[in-house]
Structure formats: C-alpha cells, structure tokens
Amino acid sequence: MELWKPFAETFDADNLTLFRTTHWTVLVRKAQVTLGTLVLAANRNFISASEFTQDELLELPQVVGRLESALAEAFAYDKINYLTLMMADRHYHSHVVPRYESVRVFGGLTWEDTDWPVPPSIGVPQSDDETLAEIRDHMKQYV
C-alpha cells in the first residue's frame, strides 16, 4: 500500500523515504529537530489510533525496531521521543526525535540537542536538501 498521496507530497516522500513496509512509511523529517529526526506514517489515511487495523498494529513493533536500530547505528542516540501531534497534517503519523546528551558532528555540521533533557522544540526551520539527502543515504546503510 502506498503512502496517502497528499501527505506524501507534503512530506516529500519521493525523496525522503527511508523505508516502506506494507502498512508504514518512515521518512527523514524535512525540519531536523535533532540529527536523524524521522516521521513514522501510516500508509492509509486515518487520524485516530483507535482506527488501527490489527495488521497495522502487528507490523508496528517491527517498523519501530527497524527505525530505532538504524538511528542507533547511524547516530548513537541517547533517548528517543515519539510525538504524535497531527495538528496541521490530518493523517496518522509520529515525529520520531532522537535525543542526544552530547554534541554530534555529521555532514560537516555540529548538531546539539539544545533542549536536552526536556521535551524538544519541534518548530525548527527546514533543513537544506543536501543535508536531508545525506542523512537519508547514511541511514539507509542501517535499515
């Protein structure tokens, strides 16, 4: 099943998909809150967790395990936050924010989790296309 088209266009799925399964798509988030921020999105359109199908629920732990393993291998995060907000984009998805107690250097940039250890501020500017592609390509080695 393909990711719901309006959501896919907004989140640039053609360029930023890390991996896709039958029921879920994992994308690099355009606005990197911290290094490796992802989006975990259901492929079909719905808004409430009460609408999960049994197949979606059964597949979710494997998808989460795969993305967490990739983030651990790629960037050695210290903690991870899942923010399921859906304020602007009415499609079931979570922002996956890896958290870092110390600075990381990647792609010639210094990445600091300035909100550590409190909840992250997700209203950050969009990262440039080159940085996003570099994060995607680096993480693809580990998915």
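About the thresholds
- Residues numbered from 1 in each chain as written.
- Predicted model: local features only at pLDDT ≥ 70, side-chain atom pairs only at ≥ 80, totals over all residues.
- Heavy atoms only, no water.
- Pairing = 2+ DSSP bridges.
- Helix = DSSP H or I, 4+ residues; strand = E, 2+ residues; numbered from the N terminus.
- Axes fitted to C-alpha atoms, helices over the stretch in contact; angles between N-to-C directions.
- Contact = heavy atoms within 4.5 Å.
- Buried < 20%, exposed > 50% of the residue type's maximum accessible area, 1.4 Å probe, protein only.
- Expected span 1.5 Å × (residues − 1).
- Arc of directions from axis to C-beta.
- Polar contact = N/O pair within 3.5 Å; in protein donor to acceptor, adjacent residues only side chain to side chain.

Engineer: Help me out: how do you make sense of the sheet that holds strand 3 (residues 38-42) in this one?
Structural biologist: Within a sheet, neighbouring strands are paired by backbone hydrogen bonds and run either parallel or antiparallel to one another. Within the open sheet, the five strands sit side by side as 1-2-3-5-4. Their pairing is antiparallel. Looking at which strands have only one partner, the edges of the open sheet turn out to be strand 1 (17-20) and strand 4 (79-83). Here the average twist between neighbouring strands, direction ignored, is 20 degrees. Helix 4 (residues 129-140) contacts strand 1, strand 2 (24-28) and strand 3 of the sheet and is inclined by roughly 40 degrees relative to strand 1.

Engineer: What is the right way to look at the environment of G123 in this model?
Structural biologist: With respect to the element layout, G123 can be found in the loop between strand 7 (109-111) and helix 4. Under the relative-accessibility criterion, G123 is labelled exposed at 79%. Sequence separation between G123 and Y77 is 46 residues; the distance between their C-alpha atoms is 20 Å.

Engineer: Help me out: how do you make sense of helix 4 in this one?
Structural biologist: Turn by turn, an α-helix covers 3.6 residues, leaving residues three or four places apart pointing in a common direction. Counted at 1.5 Å a residue, the expected span for helix 4 with its twelve residues is 16 Å, and the 16 Å between its end C-alpha atoms agrees. Those residues of helix 4 not exposed but buried are T131, L132, I135, R136, H138 and M139. All buried residues of helix 4 lie within an arc of 165 degrees about the axis, which places them on one face of the element. Exposed positions of helix 4 whose direction lies more than 90 degrees from the buried face are D129 and E130. Residue D128 occupies the N-cap position of helix 4, its side-chain oxygen lying 3.1 Å from the main-chain nitrogen of E130.

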